[in-house]
Amino acid sequence: MPELPEVEALSAYLSERLTGRVIARVQPVAISALKTYDPPVTALEGRTVGPVTRRGKFLDIEAGGLHLVVHLARAGWLRWKDSLPAEPPRPSPKNPLALRLRLEGEAGDGFELTEAGTKKGLAVYVVKDPAEVPGVARLGPDPLDPGFTVEAFAALMRGDRRRIKGLLRDQSTLAGVGNAYSDEVLHVARMSPYKIAASLTEEETVRLYEALGGTLRDAVERSRGLAAGELKAEKKLGLRVHGRTGQPCPVCGDTVREVSFADSSLQYCPTCQTGGKPLADRRMSRLLK
């Protein structure tokens, strides 16, 4: 799933290519991806694109007073095309195309939104105010906001009895962090994903805050200037524990372990994060019986 660093890079990439351009045509293909109907997506046509920004994991493309807000979900992606096909896209169960946006001009450039797999979660909204999008309205503070201080972070932890892994992923608590970067942040902070947020000491809170900001800023910097098609590969190369089950930890050399859930998993290093003790993985234990 694209998270804060990839969406930040996408917003910068699109800003360079969209700002000041006029939208010629918007063609929805997967109707299930379209979450709003008034205004219709065709209302974007003829409008000039203004700022392209990120709101948590959402892309926000402003155009003449309207906002095209996109959430790429788990398997969605944005593909830039220097020359889009002239013929209209045709819906098909085998076609991953969800929406096509063409700009005015002879080149016929623009972008396509695609989504692989059968579980469809990609969401497209056309609204007058981004706050009309439920997921945007409930976003917590952005960890890269200059105003997000260690004191503000400590206030989020205080009294919260959830495991820190779940808290970091909760978009209403903290905007933009998902499964991958929460694993990475906790590894940098040398902290168990099962640790209870309210139990953090002052030193641990500062360490986690610094790991959060540092990990995300490093990922954003690595992604800066990359084309949309290169961002997924860059993310994978930059991860130290997430998605690397069975591989050696780059810090201590211990084997990266995994805990599996119904529809996701987390990865961690026992030596760096849990005092050398593997975390219980009940799902895997049942499979091995």
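Scroll up for the structure.
All values derive from a computational prediction rather than experimental measurement.

### Considering the overall build of the chain
A count of helices and strands for the chain gives 9 helices and 10 strands. Relative to its length of 289 residues, the chain is compact, with a C-alpha radius of gyration of 20 Å against a globular reference of 19 Å. Overall, the chain is about 60 × 45 × 30 Å in size when its C-alpha atoms are taken along their principal axes. The buried share of the chain, reckoned over its 289 residues, is 49%. Relative to all contacts within the chain whose residues are 6 or more apart in sequence, the contacts with residues 24 or more apart total 64%. As presented, the chain carries roughly 14,000 Å² of accessible surface, and 51% of it is formed by carbon and sulfur atoms. Positive and negative side-chain charges of the chain, numbering 42 and 36 respectively, have mean locations separated by a distance of 8 Å.

### Topic: the nonpolar core
Most often, soluble globular proteins keep nonpolar side chains buried together rather than apart. By size, the foremost hydrophobic cluster in this structure holds 35 residues, and its most contacted members are Leu-14, Leu-18, Leu-68, Phe-111 and Leu-113. Top contributing element to this core by residue count: helix α1 (residues 4–18), with 6 residues. Ignoring anything within four residues of it in the chain, the contact list for Leu-14 reads Thr-19, Val-52, Leu-59, Ile-61, Leu-78, Trp-80 and Phe-111.

### Quick notes on helix α7 (residues 231–238)
Within the span of α7, buried status applies to Leu-231, Glu-234 and Lys-235. One face of α7 carries all of its buried residues, which in axial projection span an arc of 100 degrees. Pointing more than 90 degrees away from the buried face of α7 are the exposed residues Lys-236 and Leu-237. On its buried side, α7 packs onto α1, β5 (76–81), α5 (179–188) and α6 (202–223).

### Some thoughts on the sheet that holds β5
Within the open sheet, the 4 strands sit side by side as β1-β6-β7-β5. Their pairing is antiparallel. Of all the strands in the sheet, just β1 (23–28) and β5 have a single pairing partner and so form its edges. Within the sheet, the average angular offset between the axes of one strand and its neighbour, ignoring direction, is 15 degrees. When β5 meets strand β7 (residues 110–115), the two strands line up antiparallel, connected through 6 bridges.

### Points about the pattern of salt bridges
What the rule picks out here adds up to 15 salt bridges. The closest approach of N and O atoms between Arg-162 and Asp-160, which form a salt bridge, is 2.8 Å. Here Arg-162 falls in the partly exposed class, since its relative accessible area comes to 32%. A salt bridge links Asp-183 to Lys-165; the shortest N-O distance between them is 2.6 Å. Here Asp-183 is found in helix α5, whereas its partner Lys-165 is found in helix α4 (residues 164–169), with 18 residues between them in sequence. One exposure class covers both Asp-183 and Lys-165, and it is buried. When salt bridges with common partners are traced through the structure, they connect Glu-3, Glu-6 and Lys-235 into a single cluster.

### Here's the deal with the state of the cysteines
A covalent bond between the sulfur atoms of two cysteines is referred to as a disulfide. Under the defined criterion, the tally for this structure stands at 0 disulfides. Lacking any disulfide linkage, Cys-252 is separated from the closest cysteine sulfur, that of Cys-269, by 3.4 Å. A relative accessible area of 36% places Cys-252 in the partly exposed class.

So, how was this worked out
As a convention, each chain's residues are numbered from 1 in the sequence order in which they are written. Since the coordinates come from a predicted model, pLDDT governs what is reported: local features require at least 70, and pairs of side-chain atoms require 80 or more to be given and counted, while whole-chain, interface and lining totals use all residues. Only hydrogens and water are set aside; all other atoms, that is, all heavy atoms of the structure, feed into the side-chain values. A run of DSSP states H or I qualifies as a helix once it reaches four residues; a run of E qualifies as a strand once it reaches two. Both are numbered from the N-terminal end. Radius of gyration means the value over C-alpha atoms here, while the globule rule gives 2.2 Å times the residue count to the 0.38 power. Any residue under 20% of the maximum accessible area for its type is buried, any over 50% is exposed, and the rest in between are partly exposed; the area is computed with a 1.4 Å probe on protein chains only. It only takes one pair of heavy atoms within 4.5 Å for two residues to be counted as in contact. All accessible areas in this document rest on Shrake-Rupley with a 1.4 Å probe, and a residue is counted as covered only by the protein chains that are shown. Note that His is not counted, nor are the chain ends; the positive residues are Lys and Arg, and the negative ones are Asp and Glu. Throughout, a charge is located at the NZ atom of Lys, the CZ atom of Arg, the CG atom of Asp or the CD atom of Glu. The definition of a nonpolar core used throughout is a set of buried Ala, Val, Leu, Ile, Met, Phe, Trp, Tyr and Cys residues joined through side-chain atoms within 4.5 Å. Here, the arc refers to the directions that run from the helix axis to the C-beta atoms. One bridge is not enough; two strands pair if DSSP finds at least two bridges between them. Interaxial angle, 0 to 180 degrees, is taken between N-to-C directions of lines fitted to C-alpha atoms, where a helix line uses only the stretch in contact. The term salt bridge refers to a pairing of a side-chain nitrogen on Lys or Arg with a carboxyl oxygen on Asp or Glu at a separation within 4 Å. Disulfide assignment relies on a single distance test, namely cysteine sulfur atoms paired within 2.5 Å.

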